[in-house]
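Here are the chains, one letter per residue:
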Amino acid sequence: SQDNKALFIIFGGTGDLAKRKLYPSLFRLFRKGNINKHFAVIGTARREWSDDYFREIVAESIESLQPTQQEITDFTSHFYYQAHNVNDTAEYQVLGDLANRLDEEYQLDGNRLFYLAMAPRFFGTISKHIKSEKIMTENGFSRLIIEKPFGTDYETAELLNNEIGAAFKEEQIFRIDHYLGKEMVQNISAVRFGNNIFESLWNHKYIESVQITLAESLGVEERGGYYDQSGALKDMVQNHILQVVSLLAMEPPTIFSEEAIRTEKINALKAVRVYDEKEVLHAVVRGQYAEGKLGDNSFASYKDEPGVEENSQTETFVAAKFMIDNFRWAGVPFYVRTGKRLTEKGTRINIVFKSTPINVFREASNDPADLPENILTIYIQPTEGFSLTLNGKEIGDGFNIDPVKLDYRHSQENLDNSPEAYEKLILDCLKGDATNFTHWDEVATSWKIVDIIRHTWDKETTPIPTYPAGSMGPKCAFDLLESDGHKWVWEP
Ligand code: NAD
């Protein structure tokens with residue numbers, strides 16, 4: 001593999017994300033030779049740390065990958081620490097000098113990757129200074145990686161985008177959505193566009209409904225304070241869920257290139273019906289977890305979690321029916337749901353195909369009801385793979401139909417060897433491939449879909465529905481499908 005040349009400047013280098021995701025991902029890339037001799041990392045944050053102490057922290061953060069002593073020494077020798085308050089213009093000079101020195105020492109050809117692992121309220125000022133203090137280079141590339149949340153609604157997102165856009169061009173901005181780094185999310189495209197038996201049926205004539213579940217079994221843990229200001233709609237639906245919707249709904253790109261895929265994803269998102277307030281009340285439901293039990297575990301209610309307001313109306317669960325107003329999808333509901341403290345952790349997509357036009361077995365069968373539907377399931381986590389249910393004949397007299405499930409899951413060994421989402425995304429960014437990052441048009445369109453939902457709920461005076469921790473959400477989430485004559489395929 002290629003030894004990519006770059007200087008990584010990580011703002012928020014002492015933070016949780018840096019330690020839990022970024023340093024381990026960089027180490028994986030180092031091990032595979034994707035970065036090798038010609039890279040350096042500057043960690044910055046307010047604290048005064050020495051290079052040595054920083055290297056110890058980095059070494060600790062990669063412990064679970066079981067590096068040899070030699071690997072630790074080699075890898076961490078590329079790490080430098082610079083104490084730096086991002087609001088202080090003068091301090092950027094020091095940072096710039098260090099960057100230039102390392103550029104020369106490691107022969108980095110001016111390639112720079114600025115990773116903002118900090119709260120979004122700092123993004124504007126950091127970008128501005130990177131430009132004004134000339135930390136951006138003229139030779140080589142300068143790319144910005146930023147984390148979610150990207151705004152809290154369309155207006156704030158646009159403001160943020162303008163601030164960043166004053167320093168970086170759209171093609172230099174890499175907005176992370178770690179779901180897009182997942183192998184199986186990328187595999188959605190392989191399943192669709194690599195298999196004629198699916199792509200030729202991928203429309204309203206043959207598909208009854210599309211169901212997407214992003215279930216978490218954990219509660220808010222230590223993030224109660226942050227989460228209470230956000231909620232599941234902004235935390236999950238605006239980004240991850242709508243990204244998955246667009247991958248499933250988009251038209252086939254003419255060629256699998258960044259630009260072609262992006263165009264089709266944006267077109268798909270733009271076709272998602274933006275509801276009015278009345279429609280929101282029918283098509284989108286929310287819930288908040290109350291106390292509950294699962295097996296031997298009992299869980300506290302959301303309102304009792306640390307950092308959460310006593311009377312919080314924040315949703316920890318959302319289920320919605322999205323409609324896509326184009327020829328391909330007219331009339332096909334895309335049901336989505338996501339929540340915390342659900343029965344089981346897992347991300348799954350179920351494509352429910354329409355039954356055959358009539359059941360020719362109706363007289364011979366014990367069960368003259370409709371034939372069971374064919375279902376394509378894409379498992380995204382914790383297992384990865386897919387399954388397809390087909391109808392066969394039950395052995396024996398009469399003509400009873402027996403659904404058979406063809407199931408393929410990647411082995412644990414394959415999974416262990418597959419690149420972690422952040423690792424993939426950082427490598428993509430080094431190569432300048434933004435396919436699996438979110439473009440501004442996608443951010444903007446998603447916020448427009450979500451904003452009206454939030455506004456409608458903000459006006460609601462009835463208390464938020466609750467669901468017992470350990471269940472699959474409030475009753476209204478089941479009613480949502482039942483009133484259309486459907487039901488959730490996945491019932492853990
Ligand atoms: P954190 O609070 O652990 O880290 C924040 C970092 O910013 C620290 O290093 C802190 O020292 C530094 N900092 C704060 N104020 C500063 C200032 N004025 N000058 C210089 N440095 C300053 O946060 P985190 O959990 O690592 O999250 C970082 C970003 O990533 C946030 O935008 C968050 O929403 C996002 N994010 C985090 C995760 C995660 O798993 N932690 C997941 C998705 C997105």
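Quantities reported herein were computed from a predicted structural model and do not represent experimental measurements.

Engineer: Any chance you could explain the side chain of Ser-301 here in plain terms?
Structural biologist: Position of Ser-301 relative to the elements: it lies in the loop between β10 (297–299) and β11 (317–322). Aside from chain neighbours lying at most four places away, what touches Ser-301 is Tyr-289, Ala-290 and Glu-291.

Engineer: For this particular structure, what's the right way to read the packing of aromatic side chains?
Structural biologist: Counted according to the given criterion, the structure contains 26 aromatic pairs. Judged by centre distance (5.0 Å) and plane angle (85 degrees), the ring pair of Trp-329 and Phe-334 falls under edge-to-face. For the residue pair Trp-329 and Phe-334, the accessibility class agrees, reading buried in each case. Among the aromatic side chains, those forming a connected cluster through ring pairs are Tyr-23, Phe-27, Phe-30, Phe-39, Trp-49, Tyr-53, Phe-54, Phe-75, Phe-79 and Tyr-81. The side chain of Lys-182 reaches across the aromatic face of Tyr-179, ending 5.4 Å from its centre. The residue whose ring lies beneath Arg-341 is Tyr-289, and the NZ or CZ to ring-centre distance is 6.0 Å.

Engineer: Is there a simple way to think about the UniProt feature "binding site: substrate" (unreviewed entry) in the protein in this case?
Structural biologist: The feature "binding site: substrate" (unreviewed entry), as given by UniProt, occupies His-178, Lys-182, Glu-216, Asp-235, Lys-340 and Lys-345 in the numbering adopted here. Its location among the elements puts Asp-235 in helix α10 (residues 232–249). Its relative accessible area of 3% is what places Asp-235 among the buried residues. Aside from chain neighbours lying at most four places away, what touches Asp-235 is Lys-148, Arg-223, Tyr-226, Tyr-227, Ser-230 and His-240. Along the chain, Lys-340 turns up in the loop between β12 (334–339) and β13 (346–353). For Lys-340, the residues in contact, after removing those within four places along its chain, are Glu-216, Leu-218, Gly-219, Val-220, Tyr-227, Tyr-289, Thr-316 and Tyr-467. Within polar-contact distance, the side chain of Lys-340 engages the side chain of Glu-216 at 3.2 Å.

Engineer: Whenever I open this one, the sheet that holds strand β5 (residues 142–146) confuses me. Can you help?
Structural biologist: The pairing of strands in a sheet comes from backbone hydrogen bonds and takes either a parallel or an antiparallel form. Spatially, the six strands line up as an open sheet ordered β3-β2-β1-β4-β5-β6, and their pairing is parallel. Each edge of the open sheet is held by one strand with a lone partner, namely β3 (79–83) and β6 (173–175). Mean inter-strand twist for the sheet, computed between neighbouring axes without regard to direction, equals 20 degrees. Pairing between strand β2 (residues 39–45) and β3: five bridges, direction parallel. Looking at the pairing, Val-41 lines up with Phe-79 of β3. In this fold helix α2 (residues 51–61) packs onto β2 and β3, with an angle of close to 120 degrees to the strand it touches most, β3. Along the sheet, helix α4 (residues 89–105) contacts β1 (6–11), β2, β3 and β4 (112–116); its crossing angle with β3, the most-contacted strand, is approximately 165 degrees.

Engineer: I tried to follow the pattern of salt bridges on my own but got confused; where do I start?
Structural biologist: Pairs can form between side chains of opposite charge whenever their charged atoms are close. Tallied over the entire structure, the rule returns 26 salt bridges. Of the charged contacts, one joins Arg-262 and Glu-258 as a salt bridge, the two residues approaching to 3.5 Å between their closest N and O atoms. Residue Arg-262 and its partner Glu-258 are located together in helix α11 (residues 258–271), separated by four residues, close to a single helical turn. Judged by its relative accessible area of 14%, Arg-262 falls in the buried class. On the basis of relative accessibility, which here comes to 28%, the residue Glu-258 falls in the partly exposed class. In this structure, a network of salt bridges that share partners links the residues Arg-192, Glu-199, Glu-251 and Arg-328.

Rules used throughout
Residues numbered from 1 in each chain as written. Predicted model: local features only at pLDDT ≥ 70, side-chain atom pairs only at ≥ 80, totals over all residues. Heavy atoms only, no water. Helix = DSSP H or I, 4+ residues; strand = E, 2+ residues; numbered from the N terminus. Contact = heavy atoms within 4.5 Å. Phe/Tyr/Trp six-rings, centres within 6.5 Å; stacked < 30°, edge-to-face > 60°. Buried < 20%, exposed > 50% of the residue type's maximum accessible area, 1.4 Å probe, protein only. Lys NZ or Arg CZ within 6 Å of the ring centre and 35° of its normal. UniProt positions renumbered as here; feature names shortened; annotations may be inferred. Polar contact = N/O pair within 3.5 Å; in protein donor to acceptor, adjacent residues only side chain to side chain. Pairing = 2+ DSSP bridges. Axes fitted to C-alpha atoms, helices over the stretch in contact; angles between N-to-C directions. Salt bridge = Lys/Arg side-chain N within 4 Å of Asp/Glu carboxyl O.

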